[in-house]
Amino acid sequence: MDKAMLDLARQAMAKAHAPYSGFHVGAVVRGANGRLYAGCNVENAAYPEGWCAETTAIAAMVMDGETRIVEVAVMGRGEGLVTPCGGCRQRIREFAVGDVPIHICAPEGLRRTLTLGELLPLSFGPEHLV
Ligand code: THU
């Protein structure tokens, strides 16, 4: 993961709207076009209506006309690795194949890199519908 991706994840995390959990998350996806798209989690007073940082980043990418993800970074604080939630693994899967790297980061830097296939094995994707 390059510095631009890490810096952008840090900036995205700082924008999190997380007044209820206090858990700030930043996410960055790199499109096949080489561009980086950032997102933060956006919580809501009606709790289930909030959404994850990865979801925001994916929406920004799609709005830019890109539909292939080649790299992902997720950043959060705490002891445990902040890996994408189950729903976000599937949302990433819509636009990515199994060998796409997912960098799990803390504000200090990279903690671990996993592939989408490791996080979501035997996944269901768009190819199943053709
Ligand atoms: N969250 C994310 O944004 N991404 C993840 O990968 C894990 C969880 C958010 C959702 C919620 O706003 C907060 O973290 C606590 O669950």
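Description of the structure in this document.

The next subject is the pattern of salt bridges. Counting across every chain of the model gives six salt bridges. Linking Lys-3 and Asp-7 is a salt bridge whose minimum nitrogen-to-oxygen distance equals 2.6 Å. Of this pair, Lys-3 and Asp-7 both sit in helix α1 (residues 3-14), four residues apart, which is roughly one turn of the helix. The partner of Arg-10 in a salt bridge is Asp-7, with the nearest N and O atoms 3.0 Å apart. Linking Arg-10 with Asp-7, this pair stays in helix α1, spanning three residues, or about one helical turn. Since its relative accessible area comes to 31%, Arg-10 is described here as partly exposed. When its relative accessible area of 21% is taken as the criterion, Asp-7 is described as partly exposed. Each of Asp-2, Arg-30 and Glu-71 takes part in one network of salt bridges that share partners.

Another point: the layout of surface pockets. There is about 160 Å³ of room inside the largest pocket. Lining the largest pocket are 13 residues, and of these Phe-23, Val-25, Asn-41, Cys-52 and Glu-54 sit closest to its centre. Class assignment of the residues belonging to the lining of the largest pocket gives a composition of nine nonpolar, two polar and two charged.

About the cut-offs
- Residues numbered from 1 in each chain as written.
- Predicted model: local features only at pLDDT ≥ 70, side-chain atom pairs only at ≥ 80, totals over all residues.
- Heavy atoms only, no water.
- Salt bridge = Lys/Arg side-chain N within 4 Å of Asp/Glu carboxyl O.
- Helix = DSSP H or I, 4+ residues; strand = E, 2+ residues; numbered from the N terminus.
- Buried < 20%, exposed > 50% of the residue type's maximum accessible area, 1.4 Å probe, protein only.
- 1 Å grid on protein atoms, 1.4 Å probe; cavity = no way out; pocket = protein on both sides within 12 Å on 5 of 7 lines; lining within 4 Å.
- Points joined across faces, edges and corners; volume = space filled by probe spheres on them.
- Nonpolar A, V, L, I, M, F, W, Y, C, P; charged D, E, K, R; others polar.

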